[in-house]
Amino acid sequence: MAKYVYFFGGGSSEGKAQMKALLGGKGANLAEMASLGLPVPPGFTLTTEACAQYYKAGKKKLFETIMPEVRKHLGKLEKTTGKSFGKGPNPLLLSVRSGAAVSMPGMMDTVLNLGLNPETLDALIKQSGDERFVWDAYRRFIQMFGDVVMGVPHHDFEHALDSVKKKYGRKLDTELTTEELKEVVAQYKKLYRKHTKKAFPNDPMEQLKAGIDAVFGSWNNPRAIKYRQLHDIRGLLGTAVNVQTMVFGNMGGDCGTGVAFTRDPSTGEHRYFYGEYLLNAQGEDVVAGTRTPQQITLKGSREWAKSAGVGEAERKGSYPSLEETMPRCFKELDQIRVKLEKHYRDMQDVEFTIERGTLYMLQTRTGKRTAPAAVKIAADMVKEKLITEEEGVLRVDPQSLDQLLHPVFDPESERAAKQLATGLPASPGAATGQLVFSADEAEIWAEMGKTVILARIETSPEDIGGMAVAKGILTARGGMTSHAAVVARGMGKCCVAGAGDCVIDYKAKAMKVAGVTLKEGDWISLNGSAGALYKGRIDTIDPKLSGPFGTIMKLADKYRNLGVRTNADTPHDAAIAVKFGAEGIGLTRTEHMFFEGDRIVSFRRLILVAETIKQLKKKHDVEKIGALEKAVKKDRKAVAAVKQYKQALAELLPLQRKDFEGIFKALKGRPCTVRLLDPPLHEFLPHDEAGQKEMAKQMKVKPADVKALVESLHEFNPMLGHRGCRLGITYPEVTAMQARAIVEAAIKVKGSRPEIMIPLAGSVTELADQKKVVLETIEEVKARKKVKKLDVLIGTMIEVPRAAVTADEIAKEADFFSFGTNDLTQMGCGFSRDDAGKFLGEYVAKGIYEYDPFQVLDRAGVGKLVDIACKLGRKARPKIKLGICGEHGGEPKSVEFCHTVGLDYVSCSPYRVPIARLAAARAAIMEKRSSKPKAGKKSRKRK
Ligand code: PEP
Ligand code: MG
C-alpha cells in the first residue's frame with residue numbers, strides 16, 4: 001500500500017527537500033529543515049498522492065485508508081512533543097495547512113489551533129496562566145474552522161465580533177477582555193449551529209479530519225484553479241496537507257512572528273537581512289496589513305523610517321527592529337539565514353514565530369522575486385561561487401526578462417509630474433493607466449481595451465483576475481509581504497503598496513489623496529521601484545541593459561548553440577535589436593515599407609494596372625515586360641498601362657533601396673534576411689467608400705473603377721490565395737525590383753550580408769521560378785556596377801506543409817530555410833490565423849490543445865513538420881542554414897524545441913531577443929544535463 005503520511009521533527013524526517021512533488025514545497029522543506037537540526041515544530045505531511053486519491057477514489061475511501069496512518073503519526077507526534085491531542089494537562093494544538101509542489105500563496109485553506117475544546121481550553125489556561133490568550137485562540141479557531149471548513153459566512157463572524165466590541169466600547173480586538181471574548185465565543189457557537197445545524201465539534205479527531213478534508217477540497221476552489229491557469233501551473237497531483245504542532249507568536253510581549261527573505265526580493269540586494277515582523281501577533285497579522293510591520297534589522301529599520309518619514313525616537317519607541325527587541329532570537333535567525341542560503345544555494349523566503357523567547361522556523365521556500373531581483377541574485381551568486389555559471393543561467397526565467405526590457409519612466413517627465421503619495425516599492429516597473437477600484441471593473445475596462453491601474457485598500461485572493469489585467473496595482477494598506485506585493489511581484493507587475501495617505505472610497509468609486517480627489521477613469525502613474533504615486537500620465541523610456549543583466553546575458557551567450565536574430569523592418573528596430581544582442585535580421589517584412597508615405601500611392605498605381613499587364617502578357621504570349629512593351633506599341637491603352645506599371649516600379653525602387661541601406665547600416669555587417677512581397681494585393685487597397693474615393697482622386701480614375709478593382713481582387717480565402725511567391729510568379733517585375741533594391745543597397749553599404757527570401761513556396765518549381773528572376777537581377781546589377789564578387793544567399797520560407805515534406809527537393813534550390821511557423825501552424829493545424837482566437841481559448845481550457853499553437857509551437861504536429869523538413873533539407877544540402885521567423889522564435893518553450901531539432905538560429909521581435917538568448921542557453925544546458933548527446937547528433941556551434 002502507498003505511504004501517505006511522512007513525519008518530520010525531533011531532529012529527523014522521513015522526507016527531504018527533493019520530494020516536493022510528493023510532499024509539496026512546504027512539507028518537503030519542513031522535513032529538510034528538521035533534518036538540518038533547525039527548530040521546526042514537529043508534525044507530519046499527508047502527500048499529494050493522497051490528494052489525488054481524494055478526487056479519484058472519493059473522500060470516504062481516502063479517509064478509510066489514511067486515518068489509521070494519521071492516528072499512528074499523531075501518536076508519534078504526541079511522543080515527540082510530550083503533549084496530548086485533545087486532552088490536558090499539556091494539550092497538543094495543531095495547524096493544518098495546504099502546500100502544493102509549486103507555491104500558490106493564499107489560494108488554499110488553512111486551519112489553526114485545532115484540538116481546542118472545553119477540556120484543552122482549561123488545561124491550556126492552567127499551563128499558560130493566560131486566560132485571555134486562550135479564549136482569544138479559541139474564538140479564532142471557531143471562526144477559522146467555521147469559515148474555512150464549514151462555509152459559515154466570514155462576515156457573520158466579523159459582525160458578531162463587532163457587535164461585542166461595540167457593546168463594550170472597544171475599538172481594537174486586542175482591547176477585548178476575557179469575559180468579553182467568552183461572549184464572542186458564545187455568539188460564534190450560536191452562529192455555527194445556525195448555519196451548520198450542528199454543535200461546534202469538541203472531538204479533536206473530528207476537527208482534524210474535517211480540517212484535512214477542507215484543505216484537500218480547497219485544491220479545486222475557483223481561485224486556486226484561476227491561479228494555476230494564470231501561472232501556467234500544470235501536471236500537479238494536488239496539494240499536500242501539513243499537520244504541525246502549533247506555536248504561538250501572540251502569547252505576549254516576548255512573542256512575535258514574521259516573514260523574511262535572505263535577499264531583497266524586489267531588487268536582489270543583500271546589504272542586510274530583509275524581513276518584517278510583529279510583536280505579539282499571529283502570522284496572518286503580518287500579511288493582512290492591519291498593523292504596520294517592523295523591520296528585522298536595525299539598518300533596515302532606519303532605512304524604512306527614513307522613507308516613511310518617521311523620526312528616530314518614534315521609530316525606536318513604536319517600530320523597533322527585531323535586532324533591538326529580541327537580540328538573541330535575531331542572532332539565531334540571522335545564523336539560520338546564512339545556513340539556509342548555503343544549504344539551498346538560493347534566496348529563501350522564511351516564516352518564523354517566536355514563542356516565549358524561543359525561535360521556531362515555520363517555513364522556508366525558494367523566494368519569489370521580481371525579474372530584476374532574479375537577474376541580480378543569479379549574477380551575484382555566480383560571483384560568490386555559491387552556484388555555477390550554468391545554474392546562474394537556469395535561475396532566470398527567460399519570459400520574466402520581459403519586465404526588464406520594457407520602458408521605465410523618463411526621469412525628466414517623472415520629476416515634472418505631481419507626486420501625490422509615497423507607498424512601499426512593492427514591485428518594480430512603471431505603469432500609467434486609468435483608475436479603477438474593483439477587480440471586476442478592472443476586468444471589464446481591460447476587456448474594452450483600456451489600460452487600468454487597480455487601486456484597493458488592500459487586495460485579497462478574490463482580486464486575482466483584476467490584478468492580472470491591470471497595468472499596475474496600488475494599495476492603501478499593507479507591507480512588502482502583503483498579498484498585493486507578493487502577487488504583483490509574482491506577476492511581474494508594478495505595485496505600490498501601503499500608500500497610507502490614499503483614502504479610498506469603494507462606494508463613491510473615488511480616492512482622496514494630498515487634497516486631490518481622483519475618480520474612476522482618472523489617469524494616474526505608479527513607479528513601483530520608488531513607491532511613488534503620481535497624478536496623470538508620464539512618458540517612458542527604454543531600460544538600460546548593463547550590470548547583472550549584462551552578466552547573465554554574457555553567460556547565456558557562452559552556453560547557447562542557437563543563434564538569435566530579430567524580425568525588424570526599420571533601421572530603428574534593427575538598432576534596438578542589435579542593442580539587445582541580435583546577431584542579424586531573420587525576417588524583414590518588406591510589405592510594411594509599402595505603406596509608408598507616398599509609396600502606397602505608387603504601389604496602388606501598380607496594382608491598378610497589374611491585372612491588365614497579366615492579361616496583355618497572356619494575349620501576346622510574352623513573359624517579360626520589355627517584350628510586352630514592344631508587342632503593344634500600337635495599342636495606346638496598353639502602352640499607357642505598361643508605362644504606369646513601369647513608372648510605379650521605378651518610383652518604388654529608390655525608396656526600397658534606401659530602406660535597405662538604412663537597415664544594412666544599422667546591422668553593421670550582420671546578416672539580413674529580406675523577404676520579398678508576401679501579402680495579397682487587396683491588402684494594399686482601401687475597402688471603405690471614403691478611402692476608395694480618395695484613391696480614385698489620386699489615381700485620376702472613377703471611384704467605380706477602384707471599387708471594381710477591390711472586388712476583382714476579393715478572395716474567399718486570402719491566406720491561401722494569391723500571395724507570397726505566387727504574386728512574384730505573376731508579377732516577376734516586382735520580384736526583380738525588390739531584388740535589385742536589395743543588391744544595390746548591399747553594394748553601397750560595405751560589409752552587408754543580404755539573404756533574399758522567397759515566401760510561401762510549396763513546391764521546388766515555385767522557388768526555382770523566383771530564384772531565376774533574382775539570380776538574373778543580381779547578375780545584371782553586378783555587371784552594371786562592375787562588381788565581381790557579391791555574396792547573396794537565396795532561400796525560402798517553409799510555411800506550406802507541402803514544402804516541409806518535400807524539403808529535400810526544395811533544398812536543392814535553397815541556401816537556407818526559414819520556418820514561417822505562423823503560416824505553417826495555420827496550414828498545418830488548419831486553424832485560421834485571423835479567426836481561430838475565437839475558440840482556441842476554449843480548446844486550451846479543455847485540454848484539447850495544451851497551448852494556443854500560435855503562441856507555443858505545437859511540437860507534435862507543426863514541430864514534426866519542422867523536424868522532417870530539417871532532416872530532409874540537411875540530407876539534400878548538408879550546409880543548409882536553418883532558422884525560424886514565426887512568432888514562436890521568441891517564445892521560450894518553442895526556442896527550446898528549435899534547439900532540440902537543431903536549427904541554426906531563431907528570429908524574433910527586438911524586445912524578445914534577450915528572452916530567446918536566455919531560452920536558447922537554458923535549452924543547451926538542460927540538454928547537456930539530461931542526457932549524453934543523442935546518437936548521431938554532433939554538438940553544434942553557432943554559425
Ligand atoms: C510566418 O508565417 O511565420 C511568417 C513569419 O510570416 P508572416 O507572419 O508575415 O506571414
Ligand atoms: Mg507567413
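Residues numbered from 1 in each chain as written. Chains lettered and ligands numbered in written order. Predicted model: local features only at pLDDT ≥ 70, side-chain atom pairs only at ≥ 80, totals over all residues. Heavy atoms only, no water.

1. Overview of the coordination of the magnesium ion (ligand 2)
Around a metal, the perfect tetrahedron of four donors has angles of 109.5 degrees, and the perfect octahedron of six donors has angles of 90 or 180 degrees. Of the protein atoms, only E799 (OE) and D823 (OD) coordinate the magnesium ion (ligand 2), at distances of 1.9 to 2.0 Å. Of the two residues, E799 sits in the loop between β31 (793–798) and α32 (801–805) while D823 sits in helix α34 (residues 821–830), which places them 24 residues apart along the sequence. Accessibility classification places E799 together with D823 in one group, the buried group. (Donors = N, O, S within 2.8 Å, 3.2 Å for Na, K, Ca; no water. Helix = DSSP H or I, 4+ residues; strand = E, 2+ residues; numbered from the N terminus. Buried < 20%, exposed > 50% of the residue type's maximum accessible area, 1.4 Å probe, protein only.)

2. Details of the site of ligand 1
The environment of ligand 1 is made up of 14 residues, and the closest members are R589, G820, N822, D823 and R833. Here an oxygen atom of ligand 1 sits 3.3 Å away from a polar atom, N or O, in the main chain of G820. The contact in question runs from an oxygen atom of ligand 1 to an N or O atom on the backbone of D823, over 2.9 Å. Among the elements of the structure, β28 (585–589) and α34 are those that each provide at least two residues to the shell around ligand 1. The greatest single-element share of the shell around ligand 1, amounting to three residues, is contributed by α34. The residue inventory of the shell around ligand 1, partitioned by class, reads three nonpolar, four polar and seven charged. (Near = heavy atom within 4 Å. Polar contact = N/O pair within 3.5 Å; in protein donor to acceptor, adjacent residues only side chain to side chain. Nonpolar A, V, L, I, M, F, W, Y, C, P; charged D, E, K, R; others polar.)

3. Structural notes on the sheet that holds strand β1 (residues 5–9)
The six strands are arranged β2-β1-β3-β8-β6-β7 in an open sheet whose pairing can be described as antiparallel. The open sheet has two edge strands, β2 (12–13) and β7 (110–114), and neither has a second partner. With four bridges connecting them, strand β3 (residues 43–46) and strand β8 (residues 239–245) associate as antiparallel partners. Among the inter-strand pairings, L46 is bridged to a residue of β8, identified as V241. (Pairing = 2+ DSSP bridges.)

4. Concerning unusual backbone geometry
Look at the link from G88 to P89: it is a cis peptide, with omega at 0°. With respect to the helices and strands, P89 occurs in the loop between β4 (84–85) and β5 (91–92). With a phi angle near 45°, A514 is a residue other than glycine that sits in the positive phi range. For A514, a relative accessible area of 49% gives the class partly exposed. A positive phi is found at L760, a non-glycine position, where the angle reads about 60°. Here L760 lies in the loop between β30 (753–758) and α31 (764–785).

5. Quick notes on the environment of K772
Tracing the chain through its elements places K772 in helix α31. Under the relative-accessibility criterion, K772 is labelled exposed at 54%. The sequence separation of K772 and A736 amounts to 36 residues, and the corresponding C-alpha distance is 9.9 Å.

6. Some thoughts on the packing of helix α2 (residues 48–56) against helix α3 (residues 59–81)
One way to put it is that α2 packs onto α3 with a least axis distance of 7 Å and a crossing angle of 140°. For the pair formed by α2 and α3, the contact residues are A50, Q53 and Y54 on the first element and K59, L62 and F63 on the second. (Axes fitted to C-alpha atoms, helices over the stretch in contact; angles between N-to-C directions. Contact = heavy atoms within 4.5 Å.)

7. Some details on the pattern of salt bridges
Scanning the entire structure with this criterion turns up 68 salt bridges. Salt-bridge contacts for K881 lead to E755; the nearest nitrogen and oxygen are separated by 3.2 Å. Here K881, found in strand β33 (residues 881–884), pairs with E755, found in strand β30; they are 126 residues apart in sequence, far enough to count as distant. A relative accessible area of 17% means that K881 is categorised as buried. K782 serves as the salt-bridge partner of E779, at 3.8 Å between the closest nitrogen and oxygen. Remark: K782 and E779 occur in helix α31; sequence separation between them is three residues, near one turn of the helix. Taking the relative accessible area as the measure of exposure, E779 reaches 46% and is therefore partly exposed. Each of D136, R139, R140, D162, K165 and D173 takes part in salt bridges that share partners, so that together they form one network. (Salt bridge = Lys/Arg side-chain N within 4 Å of Asp/Glu carboxyl O.)

Any functional reading would require information that these geometric values do not contain.
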